[in-house]
Amino acid sequence: MSEMRQDSGHDGELTLVEAVNAALARAMRDDETVIVLGEDVGLDGGVFRATEHLLERFDAERVRDTPLSEAMIGGLPVGLAAMGFRPVAEIQFMGFIYPVIDQLVNHASRMRTRTRGRLSCPLVVRAPYGGGIHAPEHHSESMEALFAHIPGIRVVIPSSPAKAYGLLLAAIRDPDPVVFLEPKRIYRATRESVPDDGVALPLDRAFVLREGTDITLISWGAMLTETLGAADTLRDDGLEAEVIDVATLKPLDAETILGSVARTGRCVIVHEAPLTGGFGAEIAARLAGEGLMHLVAPVERVAGWDTVMPLPRLEDHYMPTAERIVAAARRAMEYA
Amino acid sequence: MSEMRQDSGHDGELTLVEAVNAALARAMRDDETVIVLGEDVGLDGGVFRATEHLLERFDAERVRDTPLSEAMIGGLPVGLAAMGFRPVAEIQFMGFIYPVIDQLVNHASRMRTRTRGRLSCPLVVRAPYGGGIHAPEHHSESMEALFAHIPGIRVVIPSSPAKAYGLLLAAIRDPDPVVFLEPKRIYRATRESVPDDGVALPLDRAFVLREGTDITLISWGAMLTETLGAADTLRDDGLEAEVIDVATLKPLDAETILGSVARTGRCVIVHEAPLTGGFGAEIAARLAGEGLMHLVAPVERVAGWDTVMPLPRLEDHYMPTAERIVAAARRAMEYA
Amino acid sequence: MTVTASFSIDYTRLIDPDGQPVAELPAFASDRSRLRALYRWMVLTRSFDARAVALQRTGRLGTYASSLGQEAVGVGVALAMNDSDVLLPSFREHGAQLVRGVSMRELLLYWGGDERGSDFAGPREDFPVSIPVGSHASHGAGVALAFRLRGENRAAVVALGDGAMSKGDVYEAMNVAGAWNLPVVFLVINNQWAISVPREQQTAAETLAQKAIAAGFEGCQVDGNDVIAVHEVASQALSRTRNGGGATLIEAVTYRLADHTTVDDASRYRDDDVVSRHWQEEPIARLRQFLTERHGWSKGDEEALLEECSREVEQAAADYLAEPAAPATSIFDYLYAELPAALASQRAAVARD
Amino acid sequence: MTVTASFSIDYTRLIDPDGQPVAELPAFASDRSRLRALYRWMVLTRSFDARAVALQRTGRLGTYASSLGQEAVGVGVALAMNDSDVLLPSFREHGAQLVRGVSMRELLLYWGGDERGSDFAGPREDFPVSIPVGSHASHGAGVALAFRLRGENRAAVVALGDGAMSKGDVYEAMNVAGAWNLPVVFLVINNQWAISVPREQQTAAETLAQKAIAAGFEGCQVDGNDVIAVHEVASQALSRTRNGGGATLIEAVTYRLADHTTVDDASRYRDDDVVSRHWQEEPIARLRQFLTERHGWSKGDEEALLEECSREVEQAAADYLAEPAAPATSIFDYLYAELPAALASQRAAVARD
Ligand SMILES: Cc1ncc(C[n+]2csc(CCOP(=O)(O)OP(=O)(O)O)c2C)c(N)n1
Ligand SMILES: Cc1ncc(C[n+]2csc(CCOP(=O)(O)OP(=O)(O)O)c2C)c(N)n1
Ligand SMILES: [Mg+2]
Ligand SMILES: [Mg+2]
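Per-chain numbering applies: the sequence of each chain, read as written, is numbered from 1 onward. The order in which chains are written sets their letters, starting at A; the order in which ligands are written sets their numbers, starting at 1. Predicted model: local features are reported for residues with pLDDT of at least 70 only, side-chain atom pairs are reported and counted for 80 or more only, and whole-chain, interface and lining totals are derived from all residues. With hydrogens and water excluded, all non-hydrogen atoms of the structure serve as input to the side-chain values.

1. Quick word on the interface of chain B and chain A
Inference 1: Note on contacts: a residue pair qualifies if any of its non-hydrogen atoms lie within 4.5 Å across the two residues. Each side of the interface is counted separately: chain B has 51 residues, and chain A has 51 residues.
Inference 2: Basic side-chain nitrogens of Lys or Arg form a salt bridge, by our definition, when they fall within 4 Å of a carboxyl oxygen of Asp or Glu. Connecting chain B to chain A are 6 salt bridges.
Inference 3: Among the salt bridges present, the one from glutamate 141 of chain B reaches arginine 110 of chain A, with a minimum N-O distance of 2.7 Å.
Inference 4: Definition of a polar contact: a pair of N or O atoms within 3.5 Å, with one able to donate and the other able to accept a hydrogen when the atoms are protein atoms, and with sequence-neighbouring residues admitted only if both atoms are side-chain atoms. Connecting chain B to chain A are 22 residue pairs in polar contact (both at pLDDT 80 or more).
Inference 5: Elements supplying a minimum of two residues to the side of chain B that touches chain A: α5 (98–106), α6 (111–114), α7 (144–148), β13 (267–274) and α11 (279–288) of chain B.
Inference 6: Each residue gets one label: Ala, Val, Leu, Ile, Met, Phe, Trp, Tyr, Cys and Pro are nonpolar, Asp, Glu, Lys and Arg are charged, and the others, such as Gly, are polar. Tallied by class, residues from the side of chain B that touches chain A come to 28 nonpolar, 12 polar and 11 charged. In this text, helices come from DSSP runs of H or I with a minimum length of four residues, and strands from runs of E with a minimum of two, each type numbered from the N-terminal end.

In structure tokens, the structure reads:
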């Protein structure tokens, strides 16, 4: 990706979306069965430029602009994958991913099971998701929980450029279907050094972003910005918050989470998706089960409200804030 | 529905599917804007006979066999409803409902919000769901959690003939979209007296099926059979289990649940859907939050495994059993 | 081997790019006031688009999709609709929405990120724009079914792009509209592009009109930059369908002269000179030419009209910019007819913030 | 108004219901051994269907969808496929699957509720049946793309019913297959029914073949009860598509003589005498007539064949019934290539029970 780096002009420092691009390029270079397809992924390089330059570096056979057909974008890769390719399909925005659910539930997630291993489905479905960029209607939702409930797939959400690179490489190399959701609000929020070393990250591990002994803050994707911000504020209260990036929602690394809360006894789970039935519920449920005896305070969930994502003018009233996280943490600290 | 009752030949005693039929007929009789549509709902009366006789009693304009097009079955009612009709769409099996999610998330659930009340979506999507009848592949899943996460809709699951009648009437009369999931395993399991009195049940209330002081068992749909069975077994242990039928998953009647667990301190949540991200997680999360201080034992979830629903020969190894519920309850009782 | 079925697709153009008649013109073409109305709405639409783009560029509007070059389609069709018909617009049919009675202030509110912009004071039954491509097509079938069930003499018009014609839900909606003989017109605005994907890559079908053959009803092509042809074809299709003739598809062949939206840079994927060539065919100059030659449209008329339009646009922009945001709690107030008790605490929390 | 595009749909029948040639016959029609193969597979399929239904009636098999009356389609097409082609069957293409090398024991295992039935020992790349109607069509496009990317001279065959042609995902799959010129044949088995919904209510299109026009490739009709015509049309379509000719749609017009499945009662929605009339056109008697008149097919040949087929079917049934269930833990063993640590405890719990 040397040219990308020159492009970015930050010697080796990439944004999250550039890291996605770097991982795609790396995977395509290393493995000719990797095929990138989706709407506007070719000449346009993707509406967020995640697939920029891929068409030039590879070719139109491997970088395919599709017709405007999400059900097909979800289904065609099942056939490709069963024949030994590794398709990476882009859904332009999560708001348009719903027709893909049928393919994930009824086919991709169970091709291996149905055929007792004869056929399999090593595909990746990528989609930018989440709010906070004042995007048009239907462009800001966070519905990751719908995917995390589907047996037989993996659900991965990166929170930084380096994680995006390593997790996407892992997702593409994984022998089973992976839904890879990209927090578009932080696509260009930060840069970090992301060596194009082809090293993948594990798909079954949560990351401890910050160690602490007083309370555990758990989140994923863009909300880690608010969560880490909240941890800073709490430090001013003299509280050391441990911050966990779940990263792989499915399969969930409950061990890391339970281990942390076993030490802190307190927990705030943060996500942008609506509260009810959000993936935070699963984490809280694990704590109410195996983790219960370690809890000294009620598990707090700071999430989007159970309402439709508002249009930009009222969007900020929907999005969880560092303030709400801090307030929840302080409530938790009130218990002895 | 007098003729139905003669049909059933159990003077006034109806099965759950007959009660669904009775509610549909009643709603169509009371309100000419009620339109029933779906695959095979006409002459055939539905593959489970839920719409039997409706075509004769009403007509082909109001009882409509649709083309085999689930995305349309999800979308056409949005237009009908916005124009003042009350469509009741049948999806033949939950396994084929996924194309409808796009319409629920992007349109039905938010038409009122998007237009600030100018247009609305009083529609019902009905679908039989669940396992245990040794049905063909893709016919036995329980994915209610996918719907319970969507803001702006209601999700209702009846557990008996009388509840099916009252809740479906309420769903049809409700001014907003309702997903009504019918536990097909108990479509004909029992009969009870269901007077065709046109009386609806509330859509925001859980039902206490059995009072008890030692532990709370929470479930919905067909799994209440196993749950009530488990309660009987526990009684032999000298334990009085309170059994709650959630009935309306969205909006959730957390009060009834929290109130019960506040008294018992112990809870087992039972559902057929895969454990991870199932709706049981939301209930457990509420207990880990507001309910925490009342919990004396870890919240137990007895659910389907996080795997693809097996074909009939191994299906029984997937389905939660009364034994598993009893074992979970006994574990919970071990805590002082 | 025997032939069991055969089909053909017609193309209608009445005025060529130079404003010259190339076929017999409908009666209204000799009615200056009606032509002026068509012209005025197109000019107003173009001024509105320009202003909306300017507002976005200066950070006072959200992402916006200009209809530059396509004005004849929405305007020509909407003026053929009855008030009682229902429009289900895509996100680029500003002209059609304006003709229908949606105010420019409402359009700006919507594109400025305010739901109140979809609470149209005018056409109360028209649908809000569908940002999701094509998923509103089945709503059009449902609206049409409602009309049929009530025995009303009304039609639904669903606006779709060339890209939308690749969507399965659009096909399902067309298929049921054919099977049930519903009073709905599927208006396909073929502007040759779906963001960066050209029409030819979208489908191997020579025309988009022929997609109707799969649904068992009539499809036709019309020169989408010839507002007289568009208006005529739409008027005929609408009266046919209102009177039980069933569904129709109209493919209006036009060209997207603007970027896809204000966040798009079309130069990444198409040559400017191709675009300039299409400027030769744009609909407004074409009708102006015809008006000038046949109806003595003068420089004065033109200036007066531009003046009038820009005044209206400026007023709307001012009203829009003066509109305070709705209260935060309104994000709960239209979710259900009545807020469920379970959500009261969430609404209260928002009220506190 | 000018015509911009026109299309027509052909229908092919070579042998009429009385087994009489009505057109020039392809060379293979004079090759007794090839006709016998077609005949044998059809007879075997019918015996298998009968046995499967009997097993279901006696509680030893799950819900089953018989292909009674449609045998010519699957058999005629599958015998036109190369081993290296890939079949993506619906749930009623038992004949095609048998010809492809799926064993009757495997089919029974699958319909008996055992996943191992889809682990075909024979055609390792053929897809398992798709119970969800139509959602496998896009898989066929993907398989075909895989062949194209590897430069392989292979084709994918997707089996679809008349009902499936109302599905948007099928349309999307066809549209991309056209746009990308993929080597895939969409085989539409029009048996006139989708459970209780007759073909005419499914769509206003006069033919299902014309659905291909929307996708920009060739569609044709063939008499689906004339196995010689089906085999000939399929052979031509397959070699065309294998050699870069792009996608094709074949609508095989046949009739579902059986109930939809063993849990259906067709008498609720269709008249038995209509069904009896269609018995006059069924494919096996038709070919037997032709074989008898042209190739001296004797009563002895017939009896020997029936005997041979029922022996094979009985053996398969016996093997199926003797098969013990897989271990309970196998419900986890093919979920992922490697079971995630997070699921180990669930698998262990199942092992304990
Ligand atoms: C279902 C869906 N998929 C993708 C998108 C993203 N997107 C917005 S507009 C567009 C192209 C639409 O092209 P066309 O239908 O021709 O309409 P046009 O933009 O030309 O008016 C795409 C892909 C979307 N809004 N909805
Ligand atoms: C997507 C989907 N919707 C509904 C069903 C239920 N169902 C099973 S078969 C069938 C009819 C299929 O008709 P057709 O495509 O003509 O195939 P045939 O049964 O005639 O072989 C239906 C509605 C299904 N399996 N999948
Ligand atoms: Mg376009
Ligand atoms: Mg059929």
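2. Examining the coordination of the magnesium ion (ligand 4)
All names here are of chain D.
Inference 1: For Na, K and Ca the donor cut-off is 3.2 Å, and for all other metals it is 2.8 Å, counting N, O and S atoms only; because water is absent from this set, sites may look incomplete. With distances of 2.0 to 2.1 Å, the protein atoms coordinating the magnesium ion (ligand 4) are Asp162 (OD), Asn191 (OD1) and Trp193 (O).
Inference 2: Within one chain, the residues serving as donors to the magnesium ion (ligand 4) are arranged as D-x28-N-x1-W. On the criterion of sequence distance, the pair formed by aspartate 162 in the loop between β3 (156–161) and α6 (168–179) and tryptophan 193 in strand β5 (residues 193–194) is long-range, its members being 31 residues apart.
Inference 3: Exposure is judged per residue with a 1.4 Å probe applied to protein chains only, and the accessible area is read against the type maximum: over 50% gives exposed, under 20% gives buried, and values in between give partly exposed. Note on aspartate 162: relative accessible area 1%, which makes it buried.

3. With respect to the sheet that holds strand β2 (residues 86–88) of chain C
Inference 1: Only strands joined by at least two bridges in the DSSP assignment are considered to pair. In space, the 12 strands of this open sheet follow the order β2(C)-β3(C)-β4(C)-β8(C)-β7(C)-β1(C)-β1(D)-β7(D)-β8(D)-β4(D)-β3(D)-β2(D), with mixed pairing throughout. Whereas interior strands pair on both sides, the edge strands pair on one side only; in this sheet they are β2 of chain C together with β2 (86–88) of chain D. Each neighbouring strand pair of the sheet contributes to a mean axis angle of 20°, computed without reference to strand direction.
Inference 2: With 6 bridges joining them, strand β4 (residues 184–190) of chain D and strand β8 (residues 248–253) of chain D adopt parallel strand pairing. Across the sheet, leucine 187 of chain D pairs through a bridge with isoleucine 250 of chain D, a residue of β8 of chain D.
Inference 3: What counts as an axis is a line fitted to C-alpha atoms, over the stretch in contact for a helix, and the angles between N-to-C directions run from 0 to 180 degrees. Against the sheet, helix α5 (residues 137–150) of chain C touches β2, β3 (156–161) and β4 (184–190) of chain C, its axis set at about 170° to β3 of chain C.

4. Details of helix α9 (residues 223–236) of chain B
All names here are of chain B.
Inference 1: The span you would expect from a helix comes to 1.5 Å times its residue count less one. In this model α9 runs 20 Å from its N-terminal to its C-terminal C-alpha over 14 residues, within 8% of the 20 Å that 1.5 Å per residue would give.
Inference 2: Turning to α9, its buried residues are Met223, Leu224, Glu226, Thr227, Ala230, Ala231 and Leu234. Down the axis, α9 shows its buried residues gathered within 155° of arc, on one side only.
Inference 3: Those residues of α9 hidden inside the fold are in contact with β9 (207–210), β10 (215–219), β11 (241–245), β13 and α13 (322–333). The arc in question is formed by the directions pointing from the helix axis toward the C-beta atoms.

5. Some words on the coordination of the magnesium ion (ligand 3)
Inference 1: Distances from the magnesium ion (ligand 3) to its protein donors, namely Asp162 of chain C (OD), Asn191 of chain C (OD1) and Trp193 of chain C (O), fall within the range 2.0 to 2.1 Å.
Inference 2: In primary sequence terms, the donor set of the magnesium ion (ligand 3) follows D-x28-N-x1-W.

6. Looking at the relation of the copies chain B and chain A
Inference 1: Overlaying chain B on chain A yields an RMSD of 0.0 Å, the required transformation being a rotation through 180° with an accompanying axial translation of 0.0 Å. When the rotation and shift are considered jointly, the pair of chain copies conforms to a two-fold rotation axis. When the copies are overlaid, the least-squares fit takes in C-alpha atoms only where the residue has pLDDT of at least 70 in both copies.

7. Side note on the site of ligand 2
Inference 1: If you check the shell around ligand 2, you find 20 residues, and the closest are Glu70 of chain B together with Arg92, Asp162, Asn191 and Trp193 of chain D.
Inference 2: The near set for a molecule or strand comprises every residue that places at least one heavy atom within 4 Å of it. Site remark: ligand 2 is flanked by residues from chains B and D.
Inference 3: Within the backbone of valine 133 of chain D, one N or O atom sits 2.9 Å away from a nitrogen atom of ligand 2.
Inference 4: In the shell around ligand 2, the residues fall into 10 nonpolar, 5 polar and 5 charged.

8. Observations concerning the environment of leucine 55 of chain C
Inference 1: Along the polypeptide, leucine 55 of chain C turns up in helix α1 (residues 32–57).
Inference 2: Not counting residues within four places of it along the chain, the set of residues in contact with leucine 55 of chain C comprises Arg60, Leu61, Leu108, Ala317, Tyr320 and Leu321 of chain C.

9. So, the sheet that holds strand β3 (residues 63–65) of chain A
All names here are of chain A.
Inference 1: Pairing in this open sheet of 7 strands is mixed, and the strands run β3-β2-β4-β5-β7-β6-β12 from one edge to the other. Looking at strand neighbours, the two that pair on one side only are β3 and β12 (248–250), the edges of this open sheet. On average, adjacent strands in this sheet sit at an angle of 20° to one another, irrespective of strand direction.
Inference 2: Bridge count for strand β5 (residues 124–129) against strand β7 (residues 178–183) is 6 bridges, and the pairing is parallel. In the strand pairing of β7, alanine 127 is matched with leucine 181.
Inference 3: Contacting β2 (34–38) and β4 (86–90), helix α4 (residues 70–82) runs over the sheet at an angle of about 170° to β4.

10. Examining the side chain of aspartate 102 of chain B
Inference 1: When you line up the elements, aspartate 102 of chain B lands in helix α5.
Inference 2: This buried residue, aspartate 102 of chain B, is left without a salt bridge; lysine 167 of chain C holds the nearest opposite charge, at 4.6 Å.
Inference 3: Polar contacts involving the side chain of aspartate 102 of chain B include one to the side chain of asparagine 106 of chain B, which spans 2.9 Å.
Inference 4: Excluding residues within four positions of it along the chain, aspartate 102 of chain B makes contact with Gly95, Tyr98 and Pro99 of chain A, His107 of chain B together with Ser135 and Asp169 of chain C. Counted as positive: Lys and Arg. Counted as negative: Asp and Glu, with His and the chain ends omitted from the count.

11. Considerations on a negative patch on the surface
Residue and element names in this part refer to chain C.
Inference 1: Where like charges cluster on the molecular surface, the negative patch consists of Asp265, Asp271, Asp272 and Asp273.
Inference 2: Tracing the backbone through its elements, the reader meets aspartate 265 in the loop between β8 (248–253) and α10 (272–279).
Inference 3: Residue aspartate 265 is classed as partly exposed on the basis of its relative accessible area of 34%. By definition, no residue in a patch forms a salt bridge, and every one has over 30% relative accessible area; like charges are joined within 9 Å, nonpolar side chains (Val, Leu, Ile, Met, Phe, Trp, Tyr) within 5 Å. In short, Shrake-Rupley with a 1.4 Å probe defines the accessible areas, and a residue's cover is counted only from the protein chains shown. Charge positions are represented by NZ for Lys, CZ for Arg, CG for Asp and CD for Glu.

12. Comments concerning the pattern of salt bridges
Inference 1: Inspection of every chain in the model, using the stated rule, returns 103 salt bridges over all chains.
Inference 2: Two residues, arginine 86 of chain A and aspartate 31 of chain A, come together in a salt bridge whose shortest N-O distance is 3.8 Å. One end of the pair, arginine 86 of chain A, is in strand β4; the other, aspartate 31 of chain A, is in the loop between α2 (16–30) and β2, with 55 residues separating them in the sequence.
Inference 3: The class for aspartate 31 of chain A is partly exposed, based on a relative accessible area of 23%.
Inference 4: Among the ionic contacts, a cluster of salt bridges with common partners joins Arg313 of chain A together with Arg105, Asp114, Arg116 and Glu323 of chain C.

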